[in-house]
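Examination of the molecular architecture
Read off the chains here:
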Amino acid sequence: ELGYPEDELRPPQSRTQSKSRNSSVNGRMSVEDFEFKEELGQGSYSTVWLGKLLATGQEYAIKRIDKAHLKRHQKEQTALAEKNTLVRLGSGHPGIVRLHWTFQDEWSLFFVLDLARNGELQTRITRLGSLSIECVRYYAAQIVDALGYMHSKGVIHRDLKPENLLLDDAFRIKITDFGTGKLLDSGGEPTKTFVGTAQYVSPELLEHNESSKSSDFWALGCIIYQMIAGRFVFRGLADWQKIKQLEYSFPEGFDEQAQDLVRKLLVRDPDQRLGAGPPGSPYDMQALRSHPFFASINWRTLWTAPAPPLE
Ligand code: ATP
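Description of the structure in this document. (Residues numbered from 1 in each chain as written. Predicted model: local features only at pLDDT ≥ 70, side-chain atom pairs only at ≥ 80, totals over all residues. Heavy atoms only, no water.)

The next point concerns the site of the ligand. The environment of the ligand is made up of 15 residues, and the closest members are Ser44, Ser46, Lys63, Asp114 and Glu120. Ser46 places a polar side-chain atom, nitrogen or oxygen, 2.5 Å from an oxygen atom of the ligand. Here Glu120 contributes a side-chain N or O atom positioned 2.6 Å from an oxygen atom of the ligand. Starting from 610 Å² of accessible surface for the ligand in isolation, the protein chains cover 80%. Elements with a contribution of two residues or more to the shell around the ligand: β1 (34-42), β2 (46-53) and β3 (59-66). The biggest single contributor to the shell around the ligand is β1, with three residues. Residue classes in the shell around the ligand are distributed as six nonpolar, five polar and four charged. (Near = heavy atom within 4 Å. Polar contact = N/O pair within 3.5 Å; in protein donor to acceptor, adjacent residues only side chain to side chain. Areas by Shrake-Rupley, 256 points an atom, 1.4 Å probe, with all protein chains shown as cover. Helix = DSSP H or I, 4+ residues; strand = E, 2+ residues; numbered from the N terminus. Nonpolar A, V, L, I, M, F, W, Y, C, P; charged D, E, K, R; others polar.)

If you want it as structure tokens, here you go:
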């Protein structure tokens, strides 16, 4: 009579009971708890869906990973790293995609993530050509803040780039794609695996196959340059000599303070990159936050005040 399908009126309990016949165990989440509404995108071994949790109506991004594909390409470790990293980061920061639940069936792993409705920052840069200096300041500050949290939890991202910076309803950043994330046990000593994306690769990764949290700050320098100039600072591995020799230049009109910041991030010595130095050093996180480029940023309202118009 009310015009609702019978299914939607069924109370959550009976849903839980009925699903126990299928894949889920002991009241854990399963595919049946969600309505899969539309496909949001595809990765190399996954498909991301917009899914609605039937019990609450809340929408999420549900990443479905094909188990057979993982096995065939020996990517089980990548999926596990992604899950472990997200679990360690928890719900502790608004700028990092939160993992709400995981579950699996015979064929797939499912990760239920925060939904970032406004897609990838890369798409916006491509569409707009470049971003206004106010936008760059805002997004750079959000990345800095999220990196500070991530690193304090012993996580390095290692593949920071505008494709992995998603935008939520309010056009705030949500960092995603922790498949190449690394958990540091203690001390944050460098790790020796080549991962990352060519345009954002740091000299230490190129030369010694080493990355540390400092490599995330190199990537930040590349991203700030790209948002302002509308092109990569280094084109990729073909530019490896240029990366090592810090051979790049700023286009005319490039904001002076942003130039100074980029120069302090694109530094060869990982320990002297702004943001990456030990607390109390001239290169520590506080020094990065205090850089003149961020003078007008209110760090306390960074995640609550409205975002500047994306232009
Ligand atoms: P690869 O696995 O090759 O690195 P990827 O990281 O882009 O690719 P996925 O994480 O599966 O792969 O994401 C696929 C697409 O789904 C992405 O391009 C992104 O646009 C979209 N997407 C991913 N996560 C979310 C999310 N939390 N909210 C909204 N859209 C998302």
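After presenting the structure, the write-up continues.
Below, the discussion takes up the packing of aromatic side chains. In this structure the tally under the stated criterion is 18 aromatic pairs. The rings of Phe34, Phe36, Trp49, Tyr60, Trp101, Phe103 and Phe110 are connected pair by pair, giving a single aromatic cluster. In this arrangement the basic side chain of Arg137 is found over the ring face of Phe293, its NZ or CZ atom lying 4.8 Å from the centre. Of note, Arg289 hangs over the ring of Trp299, and the distance from its end group to the ring centre comes to 4.6 Å. (Phe/Tyr/Trp six-rings, centres within 6.5 Å; stacked < 30°, edge-to-face > 60°. Lys NZ or Arg CZ within 6 Å of the ring centre and 35° of its normal.)

What follows is about the sheet that holds β1. Strand order in this open sheet of five strands is β1-β2-β3-β5-β4, and the pairing throughout is antiparallel. Strands with a single pairing partner mark the edges of an open sheet, and in this sheet they are β1 and β4 (99-104). With strand direction ignored, the average angle separating the axes of adjacent strands in the sheet is 25°. In this fold helix α4 (residues 76-89) packs onto β3, β4 and β5 (108-113), with an angle of close to 25° to the strand it touches most, β5. (Pairing = 2+ DSSP bridges. Axes fitted to C-alpha atoms, helices over the stretch in contact; angles between N-to-C directions. Contact = heavy atoms within 4.5 Å.)

A few words on the nonpolar core. Leu121, Tyr139, Ile173, Ile224, Met227, Leu288 and Phe294 are the most contacted members of the largest nonpolar core, which has 71 residues in total. Broken down by element, the residue count for this core peaks at 12 residues, all from helix α6 (residues 133-152). The residues touching Ile224, leaving out its near neighbours within four places in the chain, are Val136, Ala140, Leu261, Val262 and Leu265. In terms of nonpolar packing, the next biggest core, distinct from the first, is built from eight residues, Met29, Phe34, Leu53 and Tyr60 among them. (Core = buried A, V, L, I, M, F, W, Y, C linked by side-chain atoms within 4.5 Å. Buried < 20%, exposed > 50% of the residue type's maximum accessible area, 1.4 Å probe, protein only.)

For the rest of this paragraph, the subject is the pattern of salt bridges. Inspection of the entire model under this criterion finds 14 salt bridges. Two residues, Glu204 and Arg273, come together in a salt bridge whose shortest N-O distance is 2.8 Å. Here Glu204, found in helix α7 (residues 203-208), pairs with Arg273, found in the loop between α10 (256-265) and α11 (285-289); they are 69 residues apart in sequence, far enough to count as distant. This pair shows no difference in class: Glu204 is buried, exactly as Arg273 is. One salt bridge in this structure joins Arg268 and Glu207, with 3.1 Å as the shortest N-O distance. One end of the pair, Arg268, is in the loop between α10 and α11; the other, Glu207, is in helix α7, and 61 residues separate them in sequence. Assessed through its relative accessible area of 33%, Glu207 is described here as partly exposed. A cluster of three or more residues bridged by salt bridges with shared partners is formed by Lys37, Glu59, Arg117 and Asp169. (Salt bridge = Lys/Arg side-chain N within 4 Å of Asp/Glu carboxyl O.)

Remember that side chains alternate between the two faces of the sheet whenever the strand is regular. Most of β5 sits inside the fold, with six of its six residues counted as buried. Along β5, one buried face is formed by Ser108, Phe110 and Val112 and the opposite face, lined by Leu109, Phe111 and Leu113, is buried too. The pairing of β3 with β5 spans six bridges and is antiparallel. Pairing of Arg64 across the sheet is with Phe110, part of β5. Relative to β5, β4 runs antiparallel, the two being bridged by five bridges. Looking across to β5, one finds that Thr102 is bridged to Phe111. Hairpin connection from β4 to β5: three residues lie between these consecutive antiparallel strands.

When α10 is considered as a whole, its buried residues turn out to be Ala258, Gln259, Leu261, Val262 and Leu265. Looking straight down α10, one finds that the buried residues subtend no more than 165° of arc, so they occupy a single side. Buried-residue contacts for α10 involve α8 (213-229) and α11. Where α10 starts, the residue carrying a side-chain oxygen 3.1 Å from the main-chain nitrogen of Gln257 turns out to be Asp255. (Arc of directions from axis to C-beta.)

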